[in-house]
Amino acid sequence: MDQLESTTCVIAGGGPAGVMLGLLLARAGVDVTVLEKHADFLRDFRGDTVHASTIRLLDELGLGEGFRALPQSKLGNFKLPTRHGEVTLTDFDRLKPPYDYVAMVPQWDLLNFLVDAAQQEPHFTLRMNTEATDLVYDDGAKVAGVAYRTRDAASGEETGSGELRATLTVACDGRSSVLRKKAGLVPHEFPVPFDTWWFRLSRRADEQGQLASIMPRFSGTDVLLSLTRKDFYQIAYLAEKGKDAQLRAEGWRASADVWPASARIWRTAWTKSGPWTISICSM
C-alpha cells in the first residue's frame, strides 16, 4: 500500500451520477474526491439522454446556457406503427417550454462539461486512471473509505495503490459495481428475453432535423429502433435472447440507398437471412 489519504466524501465512478453528485457536494462546501478508472470519458452508446428534469436542474445551477451549447439533438416524441397508422405514445410538446424535450447529448461531452464546472469549486477533486478496488473499514466495521489502484494512461500498467479514507463513501461505479459486491449487497435482477445490438448510420445534410421521434419497426420477434443524433442515427436492433452468435456469423451491413417519404426517411438494412427497413422520423 503506497499512500494513505483522507477526504470528507469519496465517490467511486466518474459517470453522470458520480460527477453530478461531486459537483453538488463541492458547491455545498463538502470536500469530495471522485475516482474514475479510465483515462477519459470516450465510451460510445452510453446513456446519452438528458431529460427535462435534468435540464431544469442545470438551469438552476447556472449551467443551462453552457449545456445548450453542447452538440445535441432533441427528442420530440415516441411513436408506434400500427396497421391503422402511427400512434403517438409520448408527446413532449405537452410539457411547458423550455423543458419540453429530451436532449440527446454524447455522454463524454456532458461529463467534460460537468467536470469543467465542478473544477471551478475548491472542494472538488477528480482523479482519473484511479480505480476503487475495495472498501476500507474502521475498527467498528463501519465503511471508512476505499482502497484504490492507479494505472498509466498510455500503457494501462498499474503504477500504484493506496487508501482514501472518507466520512462518506458513495458507489457510483456502474451496473457491475465492485464496491456493491464488496459490501455484500445483492441487486434485484430482472432478465429480459432479448439482446440488443447498437450500431450507427451516418446522416446526410438534408436529414438534419432539429427534433426527432423514436419510431420502432417490428418483424416477427425482432425490433429496430432509431435514435436521431447530431450527425448520425443510433440504431438499436433487438433480437431474441441468445441470437447474438448467429447474427455475428451471418454478418450485418446497411445499404447506401436512401429515399425520403413524407417526413420519414427509409433506409434498407439486411442480414443474410432477410431484409429490414429502418424508419427514421425527423420533424
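To keep things clear, this report deals only with the structure shown in the data block. (Residues numbered from 1 in each chain as written. Predicted model: local features only at pLDDT ≥ 70, side-chain atom pairs only at ≥ 80, totals over all residues. Heavy atoms only, no water.)

### Considering the overall build of the chain
- Each helix and strand counted, the chain has 6 helices and 17 strands in total.
- In the chain, buried positions account for 43% of the 283 residues.
- Considering only residue pairs separated by 6 or more positions, the chain has 62% of its internal contacts joining residues 24 or more positions apart.
- Surface summary for the chain: the accessible area is close to 15,600 Å², and the carbon and sulfur share equals 52%. (Helix = DSSP H or I, 4+ residues; strand = E, 2+ residues; numbered from the N terminus. Buried < 20%, exposed > 50% of the residue type's maximum accessible area, 1.4 Å probe, protein only. Contact = heavy atoms within 4.5 Å. Areas by Shrake-Rupley, 256 points an atom, 1.4 Å probe, with all protein chains shown as cover.)

### A look at helix 1 (residues 16-27)
- For helix 1, which comprises 12 residues, the first-to-last C-alpha distance of 16 Å matches the rise-based estimate of 16 Å (1.5 Å per residue) to within 8%.
- Of all the positions in helix 1, only Gly-18, Val-19, Met-20, Gly-22, Leu-23, Leu-25 and Ala-26 are classed as buried. (Expected span 1.5 Å × (residues − 1).)

### Re the pattern of salt bridges
- Evaluated as defined, the whole model comprises 7 salt bridges.
- Asp-59 is the partner of Arg-68 in a salt bridge, and the nearest nitrogen-oxygen pair spans 2.8 Å.
- Asp-195 is the salt-bridge partner of Lys-241, the closest N and O atoms lying 3.2 Å from each other. Highlighted residues: Lys-241 in the loop between strand 14 (232-240) and helix 6 (244-250) and Asp-195 in strand 11 (residues 194-202), separated in sequence by 46 residues.
- Residue classification places Asp-195 among the partly exposed positions, given a relative accessible area of 21%. (Salt bridge = Lys/Arg side-chain N within 4 Å of Asp/Glu carboxyl O.)

### Comments concerning the pairing of strand 5 (residues 85-91)
- In this structure, strand 4 (residues 73-82) lies alongside strand 5, joined through 6 bridges in antiparallel fashion. Looking at strand 5, one finds that Pro-81 is bridged to Glu-86.
- Between strand 4 and strand 5, which pair antiparallel one after the other, the connecting turn spans 2 residues. (Pairing = 2+ DSSP bridges.)

### Points about the packing of helix 1 against helix 4 (residues 107-118)
- Direction vectors running N to C along helix 1 and helix 4 enclose 20°, while the axes themselves pass 9 Å from each other. Judged on the interaxial angle alone, helix 4 and helix 1 are roughly parallel. By crossing handedness, the relation of helix 1 to helix 4 is classed as left-handed. Residues Pro-16, Val-19, Met-20 and Leu-23 of helix 1 pack against Gln-107, Leu-111, Leu-114, Val-115, Ala-117 and Ala-118 of helix 4.
- Partitioned by chemical class, the residues of the contact of helix 1 with helix 4 number 9 nonpolar, 1 polar and no charged. (Axes fitted to C-alpha atoms, helices over the stretch in contact; angles between N-to-C directions. Parallel < 35°, antiparallel > 145°, perpendicular 65-115°, else oblique. Left-handed = near helix turned anticlockwise from the far one by under 90°. Nonpolar A, V, L, I, M, F, W, Y, C, P; charged D, E, K, R; others polar.)

### Comments concerning the nonpolar core
- Ranked by size, the top nonpolar core spans 32 residues in total, and within it Leu-63, Phe-67 and Leu-114 carry the most contacts.
- Of all the elements in the fold, those that place two or more residues in this core are strand 1 (3-12), helix 1, strand 2 (32-35), helix 2 (52-60), helix 4 and strand 7 (124-127).
- With 7 residues, helix 4 is the single largest residue contributor to this core.
- In contact with Leu-114, other than residues within four places in its own chain, are Val-19, Met-20, Leu-23, Leu-58 and Leu-63. (Core = buried A, V, L, I, M, F, W, Y, C linked by side-chain atoms within 4.5 Å.)

### With respect to the side chain of Arg-127
- Following the sequence through the fold, Arg-127 ends up in strand 7.
- A polar contact is formed between the side chain of Arg-127 and the side chain of Tyr-148, at a distance of 3.2 Å.
- The contact partners of Arg-127, leaving out residues within four places of it in the chain, are Glu-5, Thr-33, Val-34, Leu-35, Glu-36 and Tyr-148. (Polar contact = N/O pair within 3.5 Å; in protein donor to acceptor, adjacent residues only side chain to side chain.)

### Quick notes on the layout of surface pockets
- Empty space within the second largest pocket amounts to approximately 170 Å³.
- Lining of the second largest pocket is provided by Pro-16, Met-20, Gly-47, Asp-48, Thr-49, Val-50, Thr-54, Val-105, Gln-107, Leu-110 and Leu-114.
- Residue assignment for the lining of the second largest pocket shows that the elements contributing at least two residues are helix 1, strand 3 (49-50) and helix 4.
- Its residues placed into classes, the lining of the second largest pocket shows 6 nonpolar, 4 polar and 1 charged. (1 Å grid on protein atoms, 1.4 Å probe; cavity = no way out; pocket = protein on both sides within 12 Å on 5 of 7 lines; lining within 4 Å. Points joined across faces, edges and corners; volume = space filled by probe spheres on them.)

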